[in-house]
Amino acid sequence: MAEVKELVKELSEKYGNRRESLIPIFQGIIDKNYYLSKEAMLEVAKQLDVSAADIYGTASFFSFLDTDAKGKYKIRICKSITCDMKGKSGIIATLEEMLKIKVGETTEDLMFSLLHTNCIGLCDQGPAMLINDNYYTKLTAEKVRVILGDYIRNK
Amino acid sequence: MPYSRTRVVDVLFKPLTTAPYEILRKTIQREKKDVINELVDSGLRGRGGAGFPTGMKWKFAAQQKSDVKYVICNADEGEPGTFKDKKLLCEVPRKVISGMAICAWATNATKGYIYLRREYRYLVAQLEEELRIYHEKAKEMGLNFPIEIFLGAGAYVCGEETALIESMEGKRGEPRNKPPYPIQNGFLGKPTIVNNVETFASSAMICRIGAEEYKKMGTADQRGSKLFSISGDSPKEGVHELELGMTLEAFANEFGDGDTKAVQVGGVAGFCIPRKQFKTQIIGEGNTTGGSTMIFNSTRSMYNVLHNYLDFYAEESCGQCTPCRIGTQQLLKGIEAVKSGLKPPSYLDQLIKLSETMRITSKCGLGQSVTNSFSSIVQNFREEMIF
Amino acid sequence: MANNINLTIDGIHVSVEEGQSILDAAKKIDIKIPTLCYHVDLCVAGNCRVCVVESVGRNNLIPSCATPAEEGMEIKTSSPKVRRARKDLMALLVSEHNTQCTTCYRSINCELQQLAAEYNVDNDIYLSVLKPTAKVDKSSWSIEKDDSKCIRCQRCVRTCAEIQHVNALAVTERGRDMKISTFMHLPMNEIVCTNCGQCITHCPTAALTERRYYDEIWEAIDDPDKYVIINTAPSVRVAIGETLGYNVGERVTGKMVTALKKMGFNSVLDTDFTADLTIIEEANELLVRLKKALVLKEKVALPMITSCSPGWVKFIEHMYPEHLDHLSTCKSPQQMFGALAKTYYAEKIGIDPSKIVSVAGMPCAAKKFEANRPEMWDSGFQDVDAGLTTRELGHMIKQSGLDFFELGESEFDSYMGESTGAAVIFGATGGVMEAALRTAYVVITGRPVPFENLNIIPVRGLEGIKEATVKFENCVPEYKFLEGVEAKFAIAHGLINARQIMDQIVKGESPYLFVEVMACPGGCIGGGGQPIPTNDEIRKKRMEAIYAEDMDKPLRMSHENPEVTQIYKEFLVKPLGEKSHHLLHTKYRKRNRY
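In this text, all values refer to a predicted model and were calculated from it rather than measured experimentally. (Residues numbered from 1 in each chain as written. Chains lettered and ligands numbered in written order. Predicted model: local features only at pLDDT ≥ 70, side-chain atom pairs only at ≥ 80, totals over all residues. Heavy atoms only, no water.)

1. Here we look at the overall build of chain C
Working step 1: Helices and strands together make up the secondary structure of chain C, namely 20 helices and 18 strands.
Working step 2: What you see for chain C is a C-alpha radius of gyration of 25 Å, in line with the 25 Å of a compact globule of 594 residues.
Working step 3: With the C-alpha coordinates aligned to their principal axes, the bounding extent of chain C is approximately 80 × 60 × 50 Å.
Working step 4: Per-residue burial for chain C yields a buried fraction of 63% across its 594 residues.
Working step 5: Of all intrachain contacts in chain C linking residues separated by at least 6 positions in sequence, the fraction that spans at least 24 positions is 74%. (Helix = DSSP H or I, 4+ residues; strand = E, 2+ residues; numbered from the N terminus. Rg over C-alpha atoms; globule rule 2.2 N^0.38 Å. Buried < 20%, exposed > 50% of the residue type's maximum accessible area, 1.4 Å probe, protein only. Contact = heavy atoms within 4.5 Å.)

So, in structure tokens, the structure goes:
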């Protein structure tokens, strides 16, 4: 995890100090620190001279701007209708069993968070999921074991 | 006349045989108003879902007096069952970028953004490389229209253009009151043209083949070709470019698995067309033009389908306006109550009335369109809602 | 003159300026369109949708508050389509609401309740979607936030941003989880909230209310071992009538005193007494600072800024913690009163101060917090035991069963009940400045301030920031150093305006010597503890009442208050003296900015 103050300063130099720099700065923080901590949001509020409550209100609006502690790898399983039809629940069962957590939870070692997400535009290849920015399609229980196994081994 | 067999075309994805950005180079040597008029003449409608005539939008934008104008390519493709914009950005990004640049040139816009949904972040590197090439070419042509990528942060409602703009301004993605429209007062208070990815690609295509050629495709009401994202119970899932104006029967025969019970046209915001209406319903007429088509066969519970949609809506509503925030929850709770016997089946009629209230009172297209799928499913599959 | 737009509403032709809304146009011809998220003080949100109307030719209804009138529009405000939709919307709001109206503090004064009743909304038409997790936050001394009563109109959010520029409240989450909350859902007592209570007076329901203490007060009154003192602020007497059936702007000072006595308060005293005292202390503090700056060339913080408004004090502690030395060290009149009630007054009437319960009747929500500041124990006890709002006092009078209309008039009790007109005008923005100038001018020059009838008109009124310049000539020997000085003063009300003053100070560009700041628009008459509704029209009427009360007073300069003279002679000795320093002055602290 990067030092928050430095990171926010760096990001605001890159994206600017205006309100419209907010979302790029948030994304930059999440890339480095996995989520928006209280300290990070306060630092951004100070940097952009926007109220902290307002900053939080914006962050909490967006699904990908996590404001509570999340793991290094965020697994987002699509719950839209076509992925659901193609067997999403079996995939979730496999993931829950492997990670020993439920959807919405994060592993104790802060490596994995298991999340539901709405349509990720892979409806023709469902069930599908994202792990951070990478996508995985036509999932089966076996496939999930291989994919997740790689992550677990290389973490 | 609608036609009863699908006509697969290959225009949008056809690789360009000319040098990169040749269409752009040629187009910007023409008169600006001629290009806009050609677009008006082509009958092209926005491919995002709302279907506003693209040429008219550009015309209004060109009339706005401002030193700064923005062109935003709406790549916040969040409608469930839609993935054609992603394919365009992957396979023919230059057509999309050309469309943006032509739009900017024709309307005197100064800066462009591709608003890419967060879920498609894996496209960023490739798109940045494309933009680098574009900027080089634009410089050669003397075109000063920089484009950058703005990455969304995960909110369906940001596909609505004013919500999209709000989020670019670093705020909650809540749709604005209209008027004023983005054309008058958009990003950072400046005139802003927001068009869908496919709309830009189609615009570039029209500049290449001409409105006359384009108009040969489709029917009187539905000009041109259109990308369809096909998913669900289909052996041919994927993106298909089809001429507009076909019946649903033609569509289901081509893409269904032989057991098609209903097709959801236009995504969750669109209509669920039951088999009995396949002969008379034409895709894109009265339903929406976003191109999402989800096919359900006879094994699917339409209650589950509707439940999934409503859960989606209750989560993705921005929450600011009463009918949408509470209405979506009421519809969801309502169908659960009918299913479980807590409320009588007649409660479904009350809920349909509610969805009508949502249509006429919601602030933006999200709340206004909930009734489309709700009424069409409840009316056509009522028995599935009850038992 | 802007272009005129012609339209018809319900068949009546109306012409409005370009840019005005359909709602504005309807108001012009006395057609009432119901609203909830709309508030005349605030920008338009257009989110409750209750004000939708039909525009002939359009399929969807349009929000009249957020839609500009267009030429040739044909509007129907009460067509069957509109009525049905509106009723449906209200039913939805009710389904998300905690409808225990019978026990609600805002019952009968709730905009949702009133509309739901007018439209006879069927409570059972929809299932309740009230979140079981919706909770009441009672962490703050001043403000209670009850999410189960919230209709998400965002009036509080806009108030906190547009009027106060505090932004303590924000819209968080989205969809069904969307709610009005704070930074990371922190409790109200841990955030940047100034307790000004403007969110309360702008809330259409009871989602935001003051934390109520009247049950404790009744208990104290009923306890024979307790001696309960109440002092009431100037703005209470010009507004409490509104809660009891009087017209806005009617003064009920004498009846209010009678009522309080009949209710069992042992002494009914006047905060105005300590307002006069504040003027003496504060004017002297200012003169000392000026002398240090001009004669001794010492570095002192100028302008000096008033500290009577606890919302403002907490604001500067959060937002400008490096500039607290600009604040006058004087306590607010309420806290001066509290400190003296349990020392001087206790001695005077021969009561053990440990038996005294000191209550303040205030137009303010922040006073509750102020009373509970740990700094405020200078009498050896908690100086003020409870602050009550004007609304709570109104409730208590109703609870007492008195027929307020029929009550005779009484005078405040003595020792700390005497007041001058200068103290009365503390209630209106500019009043502290005017009172201070009335006294300071006499002190400096030996003559009354050169304005007709002592009315310093430039400092009055609702403009956000007001300025006045006074030139001191023919000064008395002690203040010769001010000879010829053209002193600039400023008055700000509403914290967004205070921020402008502070930003000037931060940049080192402030031209002023003395600044008055009140947290609430209009000053205390528009305070967060005042009757609901409050808007500029109402603020003006309450202000007129304040100035009328001033004109009625035989004495109109603080230093003329005989009880003030007496307390210096018998107890305090001299302004800024040791006792004053101990009892009447205070310190401030730096706070977090979230």
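There is more to say, and it comes next.
2. A look at the side chain of Gln164(C)
Working step 1: Mapped onto the elements, Gln164(C) comes out in the loop between helix H4 (155–163) and strand S8 (170–172).
Working step 2: Its relative accessible area of 1% is what places Gln164(C) among the buried residues.

3. Quick word on the packing of aromatic side chains
Centre distance and the angle of the planes are the two values used to describe a pair of aromatic rings.
Working step 1: Applying the stated criterion to the full structure yields 26 aromatic pairs over all chains.
Working step 2: Each ring, one from Tyr56(A) and one from Phe183(C), has its centre 6.2 Å from the other, and the planes form 80°; the classification is edge-to-face. Highlighted residues: Tyr56(A) in helix H4 (residues 52–59) and Phe183(C) in the loop between strand S9 (179–181) and helix H5 (198–202), drawn from two different chains. In this pair, the class of Tyr56(A) matches that of Phe183(C), namely buried.
Working step 3: Ring geometry for Tyr135(A) against Tyr122(B): centres 4.3 Å apart, planes inclined by 45°, an arrangement best described as tilted. Of the two residues, Tyr135(A) sits in strand S4 (residues 134–136) while Tyr122(B) sits in the loop between strand S2 (111–116) and helix H6 (124–141), which places them in two different chains.
Working step 4: Judged by relative accessible area, which is 39%, Tyr135(A) ranks as partly exposed.
Working step 5: Joined through ring pairs, the aromatic side chains of Tyr73(A), Phe112(A), Tyr136(A) and Tyr151(A) make up one cluster.
Working step 6: The ring centre of Phe13(B) lies 5.1 Å from the NZ or CZ of Lys87(B), which sits over that ring. (Phe/Tyr/Trp six-rings, centres within 6.5 Å; stacked < 30°, edge-to-face > 60°. Lys NZ or Arg CZ within 6 Å of the ring centre and 35° of its normal.)

4. Topic: empty space enclosed by the protein
All names here are of chain C.
Working step 1: Under the defined criterion, the tally for this structure stands at eight cavities of 30 Å³ or more.
Working step 2: Its volume calculated, the largest cavity comes out at about 270 Å³.
Working step 3: What lines the largest cavity is a set of 25 residues, and nearest its centre among them are Cys308, Pro363, Lys367, Met518 and Cys524.
Working step 4: Every element with two or more residues in the lining of the largest cavity is listed here: helix H7 (234–237), helix H10 (271–294), helix H11 (310–319), helix H12 (333–349) and helix H13 (366–371).
Working step 5: For the lining of the largest cavity, a count of residues per class yields 16 nonpolar, eight polar and one charged. (1 Å grid on protein atoms, 1.4 Å probe; cavity = no way out; pocket = protein on both sides within 12 Å on 5 of 7 lines; lining within 4 Å. Points joined across faces, edges and corners; volume = space filled by probe spheres on them. Nonpolar A, V, L, I, M, F, W, Y, C, P; charged D, E, K, R; others polar.)

5. Observations concerning the pairing of strand S1 (residues 73–78) of chain A
Working step 1: Here S1(A) lies mainly inside the structure; six of its six residues are buried.
Working step 2: Covered by surrounding structure in S1(A) are Tyr73(A), Ile75(A) and Ile77(A) together with Lys74(A), Arg76(A) and Cys78(A), the residues of both alternating faces.

6. Digging into the layout of surface pockets
Residues and elements named next belong to chain C.
Working step 1: There is about 1,200 Å³ of room inside the second largest pocket.
Working step 2: Residue lining of the second largest pocket: 36 residues in total, with Asn109, Glu111, Gln114, Ile532 and Pro533 positioned closest to the centre.
Working step 3: Every element with two or more residues in the lining of the second largest pocket is listed here: helix H1 (22–28), helix H3 (111–118), helix H8 (240–243) and helix H14 (390–399).
Working step 4: In terms of residue count, the dominant contributor to the lining of the second largest pocket is H3 (four residues).
Working step 5: Residue composition of the lining of the second largest pocket, grouped by class: 17 nonpolar, nine polar and 10 charged.

7. Let's talk about the packing of helix H2 (residues 32–42) of chain B against helix H8 (residues 197–209) of chain B
Residue and element names in this part refer to chain B.
Working step 1: Taken N-terminus to C-terminus, the directions of H2 and H8 make an angle of 105°; their axes are 10 Å apart at the nearest point. Regarding the angle of H2 to H8, the classification is roughly perpendicular. Residues Val35, Glu38, Leu39 and Ser42 of H2 pack against Ser203, Ile206 and Cys207 of H8.
Working step 2: Residue composition of the contact of H2 with H8, grouped by class: four nonpolar, two polar and one charged. (Axes fitted to C-alpha atoms, helices over the stretch in contact; angles between N-to-C directions. Parallel < 35°, antiparallel > 145°, perpendicular 65-115°, else oblique.)

8. Side note on the domain arrangement of chain A
Accessible area lost when the parts come together is the quantity often used to give the size of an interface.
Working step 1: Domains assigned within chain A are domain 1 (4–59) and domain 2 (73–154).
Working step 2: On a C-alpha basis, the centres of domain 1 of chain A and domain 2 of chain A stand 28 Å from each other. (Domains from an automatic or database assignment.)

9. Section: the interface of chain A and chain B
Working step 1: Between chain A and chain B, the contact holds 32 residues from the first and 49 residues from the second.
Working step 2: Looking at the side of chain A facing chain B, the largest losses of area belong to Phe61(A), Ile81(A) and Met85(A), adding up to 20% of the total buried there.
Working step 3: Residues Lys86(A) and Glu237(B) are paired through a salt bridge, measuring 2.6 Å at the closest nitrogen-oxygen approach.
Working step 4: If you look at where chain A meets chain B, you find 19 residue pairs in polar contact (both at pLDDT 80 or more).
Working step 5: Looking at the side of chain A that touches chain B, the elements with two or more residues in it are helix H2 (22–33), H4 and helix H5 (81–85) of chain A.
Working step 6: For the side of chain A that touches chain B, the leading source of residues is H2(A), giving five residues. (Buried area = accessible area lost by both parts, 1.4 Å probe. Salt bridge = Lys/Arg side-chain N within 4 Å of Asp/Glu carboxyl O. Polar contact = N/O pair within 3.5 Å; in protein donor to acceptor, adjacent residues only side chain to side chain.)

10. Comments concerning the sheet that holds strand S5 (residues 74–76) of chain C
All names here are of chain C.
Working step 1: Taken in spatial order, the five strands line up as S2-S1-S5-S3-S4 in an open sheet, and their pairing is mixed. The outermost strands of the open sheet, each flanked by one partner alone, are strand S2 (12–17) and strand S4 (62–63).
Working step 2: Sheet topology note: the strand S1 (residues 4–9)/S5 ladder contains two bridges and is parallel. Note on S5: the bridge partner recorded for Thr8 is Glu74.
Working step 3: Running at roughly 155° to strand S3 (residues 52–55), helix H2 (residues 80–95) makes contact with S3 and S5 of the sheet. (Pairing = 2+ DSSP bridges.)

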